[in-house]
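The chain contents come next:
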Amino acid sequence: TRNSVWLHIFDISREKALRVHIFLAYSFLLTVLTHMLCFWVVYSEQGIFPHDVLAVVMYFPLNFHAKPGECSFLSCLDPEYQVPAGDNWTIPLMVYFMTVIGFPVFGILTHFSVRRINFELF
């Protein structure tokens with residue numbers, strides 16, 4: 001707001017606070033993107049990359065189950081050994097949220113030039 005308590009506490013102008021806010025927002029988006037890419041690198045190293053980014057039932061973590069197509073003689077006899085068994089659905093949910101909603105809305109639609117052209121939407 002124009003008369004925020006934080007502006008008076010830190011003794012800064014509204015314009016400077018707005019620049020800091022924009023910087024923090026883009027830093028957050030960059031941090032989230034870096035975090036997602038680091039997880040994709042881990043999936044790629046484990047050989048489960050495209051599946052675990054797009055599936056809710058994941059192979060990750062590989063605690064009890066082998067990578068797809070890799071098993072020992074006794075584990076290949078067990079049909080449940082080669083199926084995804086991870087129950088962590090938060091990673092695909094966050095990937096879907098950030099790629100479908102997060103980056104387009106928070107990264108593109110809030111950009112200054114887009115907001116100035118379509119000011120009536122904001």
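What counts as what
- Residues numbered from 1 in each chain as written.
- Predicted model: local features only at pLDDT ≥ 70, side-chain atom pairs only at ≥ 80, totals over all residues.
- Heavy atoms only, no water.
- Helix = DSSP H or I, 4+ residues; strand = E, 2+ residues; numbered from the N terminus.
- Buried < 20%, exposed > 50% of the residue type's maximum accessible area, 1.4 Å probe, protein only.
- Contact = heavy atoms within 4.5 Å.
- Areas by Shrake-Rupley, 256 points an atom, 1.4 Å probe, with all protein chains shown as cover.
- Patch = residues over 30% accessible without salt bridge, like charges linked within 9 Å, V, L, I, M, F, W, Y side chains within 5 Å.
- Salt bridge = Lys/Arg side-chain N within 4 Å of Asp/Glu carboxyl O.
- pLDDT = per-residue confidence, 0-100.

**Student:** Can you walk me through the overall build of the chain in this structure?
**Tutor:** Scanning the chain for helices and strands turns up six helices and zero strands. Starting at the N terminus, the α and β elements of the chain follow one another as α-α-α-α-α-α. Considering the chain as a whole, with its 122 residues, one finds that 18% of them fall into the buried category. The long-range fraction of contacts in the chain, counting pairs at least 24 apart against all pairs at least 6 apart in sequence, stands at 44%. For the chain, the accessible surface area stands at approximately 9400 Å², while carbon and sulfur atoms represent 70% of it.

**Student:** Where do I start with a nonpolar patch on the surface in this structure?
**Tutor:** On the surface, V56, V57, W89, L93, M94, F97, V100, I101, V105, F106, I108 and L109 cluster together to form a nonpolar patch covering roughly 1100 Å² of accessible area. By the secondary structure assignment, I108 is in helix α5 (residues 90-109).

**Student:** Would you mind showing me how to read the confidence of the model for the chain here?
**Tutor:** Predicted coordinates in regions of low pLDDT should not be interpreted in detail. Overall, the prediction assigns the chain a mean pLDDT of 77, with 73% of residues at 70 or greater. Here helix α4 (residues 73-77) stands out as the element of the chain with the lowest mean pLDDT, 56, in contrast to helix α1 (residues 5-10), whose mean of 89 is the highest.

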